[in-house]
Structure formats: structure tokens, C-alpha cells
Amino acid sequence: MMSASSLNGSHKCALSALIFPKAAKPTLVVTARRTRPPDPRVGEAGIAVSTIPDIRWQRCDIKSVALVANVLGKQAAREKGAYEAWQVDGAGQITEGTSTNAWIVTADGTVVTRAADTAILNGVTRLAILDIIRREGYRLVERPFTVAEAKAAREAFLTSTTADLLPVVRIDDSPVGEGRPGPLGEKLRVAYFAHASAGA
């Protein structure tokens, strides 16, 4: 049987393991692998997304290995015949996809995407698209949007490092716009490919 002093010592040791050292130094780890770009036909035809509750923790801006909710969401989307799942918070607003950022284009041509708060991971492709939108002079608002607003949008698309920019033509059972890729999304897609090629 352990004594009270032994238990206290073990407790203090466990707590100290969770505290940052005073002289902590960051470690940089870089990995590289070959990947294939998305099938061009997917970008030409557009994709479907499903909506799911966002059950992740409240610091999604931190890229960690705790991705089980994302994996389950992506699998659920594929089982429904969708390319991706857009996650919806408790207020009914879309946060982001399981591995992508979510965008819509409103009826007046404004591009809308959620601001880079603690609810989303701020992707490098997202940042590149924001730069292109500003450079080209398109209207842009960074704010949350609801599922209903997304389904009523003129266009929708998603972005990520591995997917580039893909037009969303269906959300759940609702077509987006005319049910095919929209002109603004296509312009941004072409501009993004030019941007990526210039940096290669």
C-alpha cells in the first residue's frame, strides 16, 4: 500500500510533466512526399459535400494529431457519395471541411469564407486564394455562414493543399447555383494554378 507522501510525490511528478520547461526550444520537423494533383475532371465537373456536426475540440486552429473526428467525417461523406464533409457548429454555421476550407459566393458576387479564428485551420492555399481575391479586386468578407446560406449561394468551392480549389456543385441534396461550377470559382482556380506554377 502506498503512503500519502508517495501518492503526493507521484501526483507532483505527473503534474510537472505537463508544464512547459522555462527554456523550451521549438523543434522543426519537415516531411516530403510525392502526390498526384486531383483529377482535372473533378475540377471541371464539380464535387458534392455533405454537412455534419462539428464535434472537434475548440482549438481547431492548432494542427495536431487528434484528427479522429475529421477522419470519421470524411468517411461519412464518402459513404454518402460526397467528396468532402463540411462541419457545422452549434450555431448552425459552417466551420470548415474535414481537410479543406469552405467558401461561398453570394448572389451579389461577394466571396465569403470564415475568418481564421480558433474554429478553423488557416491553410496555405486559403491564404493564397485570399491574396488572389484581393489582388483581382473581387469583393471579400471573412465571416461565418450558415448551411442555408451555403445552399442558397450562387457558387461554392473548397480549398486545400491537396485539393487545390474545387467547385462545390451540391450540398447534401441541394444543388448549388445552377448545379455546375460557377465562373468566379473557375477564374480563381485558373489564377491559383498560375500562382502555384510561378512558385514552383
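Check the entry above for the structure.
Residues numbered from 1 in each chain as written. Predicted model: local features only at pLDDT ≥ 70, side-chain atom pairs only at ≥ 80, totals over all residues. Heavy atoms only, no water.

Before going further, it helps to spend a moment on the overall build of the protein. Each helix and strand counted, the protein has 6 helices and 10 strands in total. On the principal axes, the C-alpha backbone points of the protein span a range of 70 × 40 × 30 Å. For the protein, with 200 residues in total, the buried portion stands at 38%. In the structure as shown, the protein presents an accessible area of about 12300 Å², 59% of it carried by carbon and sulfur atoms. For the protein, the centre of its 25 positive side-chain charges and the centre of its 20 negative side-chain charges are spaced 7 Å apart. (Helix = DSSP H or I, 4+ residues; strand = E, 2+ residues; numbered from the N terminus. Buried < 20%, exposed > 50% of the residue type's maximum accessible area, 1.4 Å probe, protein only. Areas by Shrake-Rupley, 256 points an atom, 1.4 Å probe, with all protein chains shown as cover. Lys, Arg positive; Asp, Glu negative; His and termini not counted. Charge placed at Lys NZ, Arg CZ, Asp CG, Glu CD.)

Turning next to the pairing of strand β9 (residues 164-171). Counting buried positions along β9 gives 7 out of 8 residues, so the element sits mostly inside the fold. In the sheet, strand β1 (residues 47-53) pairs with β9 via 3 bridges, with the strands oriented parallel. Bridge pairing links V49 to I171 in β9. Counting the residues that bridge the hairpin from strand β8 (residues 155-160) to β9 gives 3 residues. Note that β9 and strand β10 (residues 174-175) share 2 bridges and pair antiparallel. From the neighbouring strand, R170 faces β10, where its bridge partner is P175. Counting the residues in the hairpin turn of β9 and β10 gives 2 residues, including D172, whose phi is positive at 55°. (Pairing = 2+ DSSP bridges.)

Pairing between side chains of opposite charge can happen when their charged atoms approach one another. Here the structure, examined in full by the defined rule, presents 13 salt bridges. Measuring nitrogen to oxygen at the nearest pair gives 3.3 Å for the salt bridge that ties R114 to D117. What makes R114 buried here is its relative accessible area of 9%. Several salt bridges converge on common partners, so that one network encompasses D54, R56 and E96. (Salt bridge = Lys/Arg side-chain N within 4 Å of Asp/Glu carboxyl O.)

Its location among the elements puts D164 in strand β9. For the buried D164, which has no salt bridge, the nearest side chain bearing the opposite charge is R189, at an N-O separation of 5.5 Å. Filtering out sequence-adjacent residues up to four positions away, D164 remains in contact with P38, T125, L158, T159, Y192 and F193. (Contact = heavy atoms within 4.5 Å.)

This next bit is on the nonpolar core. In this structure, W86, I94, F145, L158 and V168 are the most contacted members of the largest nonpolar core, which totals 19 residues. Looking at this core, the elements that each hand over two or more residues are β1, β2 (84-88), β4 (101-105), α5 (147-151), β8 and β9. In terms of residue count, β9 provides more of this core than any other element does, 3 residues in total. One finds I132, I133, F157 and L184 within the second-largest nonpolar core, a separate group that totals 14 residues. (Core = buried A, V, L, I, M, F, W, Y, C linked by side-chain atoms within 4.5 Å.)

Attention now moves to unusual backbone geometry. Most peptide bonds take the trans form, and the phi angle of most residues other than glycine is negative. Unusually for a residue other than glycine, D164 sits at a positive phi of about 60°. Of the residues examined, D164 reaches a relative accessible area of 12% and is grouped as buried. In the Ramachandran plot, D172 falls in the positive-phi region, its phi being about 55° despite a non-glycine side chain. By the element assignment, D172 lies in the loop between β9 and β10.

Here we come to the environment of R114. Here R114 is to be found in the loop between β5 (111-113) and α4 (124-136). Between the alpha carbons of R114 and T31 there is a distance of 29 Å; along the sequence they are 83 residues apart. Ignoring anything within four residues of it in the chain, the contact list for R114 reads D89, Q93, I94, T95, A102, A119, I120, R126, E142, R143, P144 and F145. Among the polar contacts listed, one links the side chain of R114 to the side chain of D89, at a separation of 3.5 Å. Within the structure, R114 has its side chain in polar contact with the side chain of D117 (distance 3.3 Å). (Polar contact = N/O pair within 3.5 Å; in protein donor to acceptor, adjacent residues only side chain to side chain.)

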